[in-house]
Amino acid sequence: MTAQSAHADQNFRHRHDTYWRLPMAVGGALTLGAWSTTAQAHVKWFAPYIVEASPAPLMDTITNGWFWLAIGLVLVFFVATRVFETRPAGEATLSAIDRVSDPLWFRLDDFIRAVIGAFFVAIFAVGGVYLTPDLQTPAEWVSWLQLLIAFGVFSKRTMPFSAAGIIILWVLALRDYDLFHLLDYLALGVAIAAYLVLAASRNEEWRKHRFEVLRWGVAIALMWSSLEKFAYPEWFYPLVAEKPFLTFGMPRDVFIPMAGVAEFTMGFGLLWTPLVRRLSAVALFIIFNAAVYPFGRIDLVGHALIMAIIVAIAADHTRELHFLPAVRRAVAGVPVALGAVIVIFVTGYWGLHLTLYGADSGPRSQITDMATHTPNAEHPHGQTGEPFVENPEAMAAFMATMDTMHGPMMEGMQHPDPDVAFMQGMIPHHQGAIDMAEVVLEYGSDREVRALAQHVIDEQQIEIEQMRRWLAIRAGGQL
């Protein structure tokens with residue numbers, strides 16, 4: 001969720017002839033990465049969701065064999081990498097990565113500050129958001145604060161003020177959105193703010209931890225948001241249905257838990273020993289970049305800071321371990337620590353949801369095609385202060401779209417070929433979404449809703465044309 005949050009840039013490092021020393025470790029990282037391409041597209045930006053709805057029972061995950069298979073594969077990769085890291089070849093590999101990343105490492109502060117500035121300029125240009133695409137606001141002055149934050153990161157004198165501005169944005173978002181919804185953003189926002197404060201400090205003992213706080217921030221954000229895939233797998237169903245290629249041919253209910261494990265464990269890997277964290281960062285960077293094309297600019301902007309920090313982690317030459325160094329250096333520490341972290345995060349996620357919303361916080365059937373998140377009821381997002389006036393014409397228009405959609409959908413899905421049935425059913429489904437969006441453009445007044453409606457029209461029309469082309473090709477010679 002998420003996202004999450006925010007990280008980075010597309011600054012690829014040049015290939016080097018010493019990469020031949022990495023085949024085993026990089027291969028493992030890429031295997032992990034193959035599981036979770038769609039996992040890194042923050043689902044809340046693209047799919048309907050209601051945070052207050054009761055999460056799936058934890059037992060559903062505990063009894064899922066695919067979850068445990070993914071955990072086992074990750075442990076094999078981490079343990080093998082850690083064993084390799086203790087050998088002379090492991091240090092040689094780290095030195096090789098150092099040589100490749102030297103140009104970035106020597107200018108890493110400049111890189112991070114430039115990306116932070118660029119990110120806030122980008123969301124200033126987008127307008128109407130606090131920190132990510134799903135944290136929206138009608139307050140125009142928020143965008144100008146974002147521009148000030150961007151300018152402030154380029155001077156050590158003003159970096160602490162930019163840090164304060166980031167925290168202010170999170171607090172402002174807290175007025176309109178529930179705490180539970182904002183926790184993954186909190187970890188990331190605090191980490192970036194802490195980096196700016198530490199980077200501006202004259203105390204070298206403080207400054208040396210500036211990259212470490214970024215690493216912890218993105219790791220916590222990834223691990224927390226990954227739990228959405230176990231608590232609310234239905235949030236991901238629309239993405240899997242509309243972009244089935246993202247699952248690499250795996251069934252939906254196999255791919256989603258394995259993607260969640262991959263995201264969680266690679267976030268955990270960012271906190272581990274140098275080789276493990278750098279290979280985890282490489283895998284995550286590949287995954288995030290793979291999500292950019294199918295999900296577009298929104299995904300790129302929303303994940304810009306996360307991607308930049310991942311690049312920084314891959315380029316970080318430091319070998320010191322400041323937190324539980326003995327546990328992290330021990331090979332046996334990997335499964336013990338991973339198990340402990342899973343228990344802590346799972347208990348925190350389900351426990352906090354229970355505390356905030358209660359045991360019966362809402363039926364899961366609330367998640368529908370047109371559902372969105374529910375912000376804090378005391379501060380409803382987009383509220384204009386004007387009383388709601390019933391509009392029978394709009395209601396009748398909405399009902400008419402449903403009447404014209406359901407018949408063609410049912411007829412189309414009766415085709416004996418499941419591929420054809422899907423396409424024939426989805427075309428009227430998408431047309432129905434377009435018709436509903438046109439109704440709200442005619443009768444609605446909320447700026448956010450109207451923008452979303454226009455986005456629905458643009459995207460669904462493209463997909464309808466794609467499906468019609470497919471059906472035309474199939475009818476031409478294969479039906």
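Positions within a chain are numbered from 1, following the residues in the order the chain's sequence is written. Local features are withheld for residues below a pLDDT of 70 in this predicted model, meaning they are given only at 70 or higher, and side-chain atom pairs are given and counted only at 80 or more; totals for whole chains, interfaces and linings count all residues. Excluded from the side-chain calculations are hydrogens and water; all other atoms, namely the structure's heavy atoms, are used.

With that out of the way, let us pick up the overall build of the protein. Counting from the N terminus, the helices are the DSSP runs of H or I reaching at least four residues and the strands are the DSSP runs of E reaching at least two. Assigned secondary structure in the protein consists of 20 helices and zero strands. Burial status follows relative accessibility: with a 1.4 Å probe on protein chains alone, a residue under 20% of its type maximum counts as buried, one over 50% as exposed, and anything between as partly exposed. Within the protein, buried positions represent 52% of all 479 residues. Working definition of accessibility: Shrake-Rupley area with a 1.4 Å probe, residue cover restricted to the visible protein chains. Entry remark: accessible area of the protein is about 22,000 Å², with carbon and sulfur atoms responsible for 65%.

Only the contacting stretch of a helix is used when fitting its axis, a line to C-alpha atoms as for every element, and angles between N-to-C directions run 0 to 180 degrees. The interhelical angle for the contact between helix α5 (residues 108-126) and helix α6 (residues 140-152), taken along N-to-C directions, is 160 degrees, at an axis separation of 8 Å. In terms of axis orientation, α5 runs roughly antiparallel to α6. The element α5 and its partner α6 pack so that their crossing is left-handed. For the pair α5 and α6, contact is made by Gly117, Phe120, Val121, Ile123 and Phe124 and by Ser143, Trp144, Gln146, Leu147, Ile149 and Ala150, respectively. Just so you know the grouping, Ala, Val, Leu, Ile, Met, Phe, Trp, Tyr, Cys and Pro go in nonpolar, Asp, Glu, Lys and Arg go in charged, and all remaining residues, Gly too, go in polar. Residues that form the contact of α5 with α6 fall into these classes: eight nonpolar, three polar and no charged. By definition in this entry, angles of less than 35 degrees are roughly parallel, angles greater than 145 are roughly antiparallel, angles of 65 to 115 are roughly perpendicular, and the rest are oblique. Less than a right angle of anticlockwise turn of the near helix away from the far helix marks a crossing as left-handed, whereas a clockwise turn marks it as right-handed. Contacts are residue-level and defined by heavy atoms, with any inter-residue pair within 4.5 Å sufficient.

A word on the packing of aromatic side chains. Aromatic ring pairs are reported here in terms of the distance separating the ring centres and the angle at which the planes meet. Two rings belonging to Phe, Tyr or Trp (six-membered ring only in the last case) form a pair when the distance between their centres is within 6.5 Å. Interplanar angles under 30 degrees mark stacking, angles over 60 mark edge-to-face geometry, and anything in between is tilted. On inspection of all chains with the given rule, the structure shows 15 aromatic pairs. Judged by centre distance (5.1 Å) and plane angle (80 degrees), the ring pair of Phe119 and Phe120 falls under edge-to-face. Take Phe119 and Phe120: they sit in the same class, and that class is buried. On the basis of an interplanar angle of 70 degrees and a centroid distance of 4.9 Å, the ring pair of Phe180 and Tyr349 is categorised as edge-to-face. Taken as a pair, Phe180 in helix α8 (residues 179-200) and Tyr349 in helix α17 (residues 333-357) lie far apart in primary sequence, 169 residues in all. Given the relative accessible area of 4%, Phe180 is considered buried.

What follows is about the packing of α5 against helix α10 (residues 210-226). When two helices pack together, their arrangement is given by the angle between the helix axes and the distance between those axes. Contact geometry for α5 and α10: axes closest at 12 Å, N-to-C directions at 45 degrees. Classified by the angle their axes make, α5 and α10 are oblique. By crossing handedness, the relation of α5 to α10 is classed as left-handed. Of the residues in α10, those touching α5 at Leu108, Asp109 and Ile112 are Arg210, Phe211 and Leu214. Its residues placed into classes, the contact of α5 with α10 shows four nonpolar, no polar and two charged.

This part takes up the environment of Gln136. Examined against the element boundaries, Gln136 turns out to sit in the loop between α5 and α6. As a C-alpha pair, Gln136 and Ala173 span 37 residues in sequence and 8.3 Å in three-dimensional space.

What follows deals with the nonpolar core. The nonpolar side chains of soluble globular proteins are, as a tendency, buried together. Nonpolar cores are built from buried Ala, Val, Leu, Ile, Met, Phe, Trp, Tyr and Cys residues. Side-chain atoms within 4.5 Å join them into one set. Ile112, Ile116 and Phe120 are the most contacted members of the largest nonpolar core, which has 106 residues in total. When sequence neighbours within four positions are dropped, the list of residues in contact with Ile112 reads Tyr195, Phe211, Leu214 and Ala312. Judged by nonpolar contacts, the second largest core, of 12 residues, contains Met423, Met426, Ala437 and Leu471.

A few words on the environment of Glu459. Tracing the chain through its elements places Glu459 in helix α20 (residues 447-477). Take Glu459: its relative accessible area is 34%, and that puts it in the partly exposed class. Through-space distance from the C-alpha of Glu459 to that of His430 is 9.4 Å; in sequence the pair is 29 residues apart.

Turning our eyes to something else, we now look at helix α3 (residues 65-86). Over its 22 residues, α3 extends 32 Å from the first C-alpha to the last, a length consistent with the 32 Å expected when each residue adds 1.5 Å. Every buried residue of α3 is accounted for by Phe67, Ala70, Ile71, Val74, Phe77, Phe78, Thr81, Arg82 and Glu85. With its buried residues spanning 130 degrees around the axis, α3 presents them on a single face. Within 3.5 Å is the distance limit for a polar contact, defined as a pair of N or O atoms, with the added protein rule that one can donate a hydrogen and the other accept it, and that residues adjacent in sequence qualify only through two side-chain atoms. Where α3 begins, one side-chain oxygen reaches toward the backbone nitrogen of Trp66, 2.8 Å away; that side chain belongs to Asn64. Given the number of residues in a helix, its expected span is that number minus one, multiplied by 1.5 Å. Along the arc lie the directions from the helix axis toward the C-beta atoms.

This brings us to helix α19 (residues 418-443). Residues spaced three or four apart along an α-helix face the same direction, because each turn holds 3.6 residues. The end-to-end C-alpha distance of α19 is 37 Å, a good match for the 38 Å that 26 residues give at a rise of 1.5 Å each. At the N-terminal boundary of α19, the capping side chain belongs to Asp417, with an oxygen 2.9 Å from the backbone nitrogen of Asp419.

Let us look at a nonpolar patch on the surface. Patches draw on residues past 30% relative accessible area with no salt bridge. Two like charges within 9 Å are joined, as are two nonpolar side chains (Val, Leu, Ile, Met, Phe, Trp, Tyr) within 5 Å. Just to be clear on terms, a salt bridge is a Lys or Arg side-chain nitrogen sitting within 4 Å of an Asp or Glu carboxyl oxygen. Residues Met59, Ile62 and Trp68 make up a contiguous nonpolar surface patch of about 320 Å² in total accessible area. In this fold, Met59 is placed in helix α2 (residues 58-62).

This part covers the side chain of Ser225. Relative to the helices and strands, Ser225 is located in helix α10. On the basis of relative accessibility, which here comes to 1%, the residue Ser225 falls in the buried class. At a separation of 3.0 Å, a polar atom in the side chain of Ser225 contacts the main-chain carbonyl oxygen of Ala221.

In the predicted model, the protein carries a mean pLDDT of 79, and 82% of its residues have values of at least 70. Here residues 363-388 is a poorly scored stretch, pLDDT under 50, and it has 51 contacts once near neighbours within four places are set aside; other chains count. Per residue, pLDDT captures the predictor's confidence, and it can take any value from 0 to 100.

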